[in-house]
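# Observations on chain architecture
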Amino acid sequence: MAFPATRLRRLRKTGVLREMVRETELSPKHLVYPMFVELGTDRRTPIDAMPGVDRLSISHAVDEAGEAKALGIPSVILFGIPAEKDEQGSGAYDDEGVVQLTVRAIKEAHPELVVITDVCLCEYTSHGHCGVVRADGVVDNDMSVELLAKTAISHAAAGADIVAPSDMMDGRVGALRAQLDAEGYSETPIIAYSAKFASAFYGPFREAAESTPAFGDRRSYQMDPANSDEAVREALLDVEEGADVVMVKPALPYLDVIRRVKEATLLPVAAYNVSGEYSMLKAAAAAGYLDERTAVLEALTGIRRAGADIVITYHAKDVAHWLQ
Ligand code: PBG
């Protein structure tokens, strides 16, 4: 006799039924492709710790955005590396800054592509912190929030479809919402990096963006990896402040958090499959320890199964190729 579970497993071996009853779908339409943009002409600078990812000057960013679009990836998220960094991170809210210029160029070439901008100061401050540092060495929450709101407005003015604050200052989602509304951008949604853990997996990104803190670390504003109640609370706070999508970051070590945040907020949830998660699989694949394609598809399917509607991943273009 065959038990029902056995029968179902056997049936699932036939292609059609497997597709019909599969619980989780991984398709390019859920993916966001992150890009690092810098000034200069016709430049492409490889990032050592992220094989396959380059820092791009604007024309290359426009080309890559077009490639993503052609592969069925609906959206990109931009990170800027300014020519100069200063104490106040002024490159972040400069209307002629690298992200602002890139947004305009991409929207002009590919109007249907959804352009998300990362709103933070750490790539623009000389000390590498996500906000303004006071004389006593402490990051000043309220001063930072003001500059972050200014940054979001300048991104929206340049044509960004969605802004995504990643700094983790208190009250920044509410401040961004209020100021976007006041400046005529009430239709611009906010993806809040709500549960952003103080993670070792951001290492390669910090090389890419040259944003390793010059002193101290980010533990005063990023979350303790041990806490998931706190993550849910942070997400609910951001919802109250007006977040339209909430994000969990990194993704793979926090699949339970993705699930809890999804169930608690009932909002679209984004998960950021961060630089270290990417580089880890790339390195293992390059060493021949595992099969890149199968491993990446499995990892991303797991993130979707945990409850992520949107997955931000450096693997996006590879995945789109594989799934074609
Ligand atoms: C902060 C920010 C970080 C990432 C995205 N936005 C890193 C940090 O806190 O240093 C990391 C993304 C990645 O590792 O891929 N603005």
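This structure is a prediction, so every number in the text was calculated from the model and none was measured. Each chain has its residues counted from 1, following the order in which its sequence is written. It should be noted that, the model being predicted, local features are given only for residues of pLDDT at least 70 and side-chain atom pairs only at 80 or more, the latter also being counted only at that level, while totals for whole chains, interfaces and linings use all residues. Where side-chain values are given, they derive from all heavy atoms of the structure, hydrogens and water being excluded.

### Observations concerning a positive patch on the surface
- Patches were defined on residues exceeding 30% relative accessible area and lacking a salt bridge, with like-charge contacts within 9 Å and nonpolar side-chain contacts (Val, Leu, Ile, Met, Phe, Trp, Tyr) within 5 Å. Only the protein chains shown count as covering a residue, and every accessible area follows the Shrake-Rupley method with a 1.4 Å probe. The salt bridge definition used is simple: a Lys or Arg side-chain nitrogen within 4 Å of an Asp or Glu carboxyl oxygen. All tallies of charge rest on Lys and Arg as positive and Asp and Glu as negative; His and the ends of each chain are not included. We put the charge of a Lys on NZ, of an Arg on CZ, of an Asp on CG and of a Glu on CD. There is a patch of like positive charges on the surface, built from Arg7, Arg9, Arg10 and Lys13.
- Note on conventions: DSSP H or I runs of at least 4 residues are helices, E runs of at least 2 residues are strands, and numbering of each starts at the N terminus. Take Arg10: it is sitting in helix H1 (residues 4-12).

### Overview of helix H12 (residues 316-323)
- Of the positions making up H12, those classed as buried are Ala316, Lys317, Val319 and Ala320. Seen from one end, H12 has its buried residues packed into an arc of 160 degrees, which puts them on one side.
- Working rule for contacts: check all heavy atoms of both residues, and any pair within 4.5 Å makes them a contact. On its buried face, H12 is in contact with strand S1 (31-38), helix H3 (58-70), helix H11 (292-306) and strand S12 (310-313). The cut-offs for exposure are 20% and 50% of the maximum accessible area for each residue type, with area from a 1.4 Å probe on protein chains only; residues under the lower value are buried, those over the upper are exposed, and the others partly exposed. It is the directions from the helix axis to the C-beta atoms that the arc portrays.

### Describing the pairing of S12
- Pairing analysis gives two bridges linking S1 to S12, with the strands arranged parallel. Pairing of Leu31 across the sheet is with Val311, part of S12.
- By this definition, two strands are paired if DSSP reports at least two bridges between them. As paired strands, strand S11 (residues 269-273) and S12 are joined by four bridges and run parallel to one another. In the strand pairing of S12, Ala270 is matched with Ile310.

### A short note on the layout of surface pockets
- By volume, the largest pocket is sized at about 470 Å³.
- Two kinds of site are reported from a 1 Å grid over the protein atoms alone, namely cavities, where a 1.4 Å probe fits but cannot get out, and pockets, open sets with protein on both sides within 12 Å along at least five of seven lines, and residues are called lining when an atom falls within 4 Å of a point. Lining the largest pocket are 17 residues, with Arg22, Thr24, Glu25, Leu26 and Thr301 sitting closest to its centre.
- Elements that contribute at least two residues to the lining of the largest pocket include exactly helix H2 (15-21), H11 and H12.
- The element that contributes the greatest number of residues to the lining of the largest pocket is H11, accounting for six residues.
- Residue polarity is assigned by list, with Asp, Glu, Lys and Arg as charged and Ala, Val, Leu, Ile, Met, Phe, Trp, Tyr, Cys and Pro as nonpolar; anything else, Gly included, falls into the polar class. Taken together, the residues of the lining of the largest pocket break down into five nonpolar, three polar and nine charged.
- Grid points are joined across faces, edges and corners, and a volume is the space filled by probe spheres set on the points. In this structure, the second largest pocket occupies an estimated 250 Å³ of space.
- Around the second largest pocket sit 17 residues that line it, and Val139, Met169, Ser220, Tyr221 and Gln222 are the ones nearest its centre.
- The class makeup of the residues in the lining of the second largest pocket is seven nonpolar, six polar and four charged.

### Here we look at the nonpolar core
- Within the largest apolar cluster, 80 residues are counted, with the highest numbers of intra-cluster contacts made by Met35, Val76, Ile106, Val257, Ile258, Val261 and Ile303.
- Broken down by element, this core gets its largest block of residues, eight residues, from helix H5 (residues 141-158).
- Sequence-distant contacts of Ile303, defined by excluding residues within four places in its chain, comprise Ala251, Leu252, Leu255, Ile258, Ala271, Asn273, Ala308 and Val311.
- In this description, a nonpolar core means a group of buried Ala, Val, Leu, Ile, Met, Phe, Trp, Tyr and Cys residues linked to one another through side-chain atoms lying within 4.5 Å. If you look at the next biggest cluster of nonpolar residues, it comprises 25 residues, including Phe36, Val53, Ala164 and Met247.

### Describing the state of the cysteines
- Put simply, a disulfide is two cysteine sulfurs that come within 2.5 Å. For the structure shown, the criterion picks out zero disulfides.
- Free cysteine Cys120: the closest other cysteine sulfur is in Cys130, separated by 3.6 Å.
- Not engaged in a disulfide, the cysteine Cys122 finds its nearest cysteine sulfur in Cys120; these two sulfurs lie 3.8 Å apart.

### Re unusual backbone geometry
- Each neighbour pair has its own omega, and for Lys249 with Pro250 the value is -10 degrees, a cis peptide bond.
- Structurally, the position occupied by Pro250 is in the loop between strand S10 (245-249) and helix H9 (255-265).
- A positive phi is found at Asp42, a non-glycine position, where the angle reads about 50 degrees.
- Of note, Asp42 is situated in the loop between S1 and strand S2 (44-46).
- Taking the relative accessible area as the measure of exposure, Asp42 reaches 59% and is therefore exposed.

### Regarding the packing of helix H10 (residues 275-286) against H11
- At a closest axis distance of 10 Å, the pairing of H10 and H11 adopts a crossing angle of 155 degrees. When the axes of H10 and H11 are compared, the pair comes out roughly antiparallel. As for how H10 packs across H11, the hand of that crossing is right-handed. Contact with H10, carried on its side by Leu281, Lys282 and Ala285, involves Glu292, Ala295, Val296 and Ala299 of H11 and no other residues of that element. Comment: axis = line fitted to C-alpha atoms, over the contacting stretch for helices; angle = value between 0 and 180 degrees taken between N-to-C directions. The scheme is simple: roughly parallel for angles under 35 degrees, roughly antiparallel for over 145, roughly perpendicular for 65 to 115, oblique for anything else. A clockwise turn of the near helix away from the far one marks a right-handed crossing, whereas an anticlockwise turn of less than a right angle marks a left-handed crossing.

### As for the packing of aromatic side chains
- Two rings belonging to Phe, Tyr or Trp (six-membered ring only in the last case) form a pair when the distance between their centres is within 6.5 Å. Interplanar angles under 30 degrees mark stacking, angles over 60 mark edge-to-face geometry, and anything in between is tilted. Taken as a whole, this structure holds nine aromatic pairs when the rule is applied.
- Consider the rings of Phe79 and Phe205, whose centres lie 5.1 Å apart with planes at 80 degrees: the pair is edge-to-face. Of the two residues, Phe79 sits in strand S4 (residues 75-81) while Phe205 sits in helix H7 (residues 203-209), which places them 126 residues apart along the sequence. Like Phe79, the residue Phe205 is buried in the burial classification.
- Here a set of aromatic residues connected by ring pairs shows up, and it is made of Phe36, Phe79, Tyr193, Phe205, Tyr272, Tyr278 and Tyr314.
- Throughout this description, the term charge over a ring refers to an Arg CZ or Lys NZ atom that lies within 6 Å of the ring centre and within 35 degrees of the ring normal. Over the face of the ring belonging to Tyr202 we find Lys249, whose NZ or CZ atom lies 4.6 Å from the ring centre.
- The cationic tip of Lys249 hangs over the ring face of Tyr272; the distance from NZ or CZ to the ring centre is 5.2 Å.

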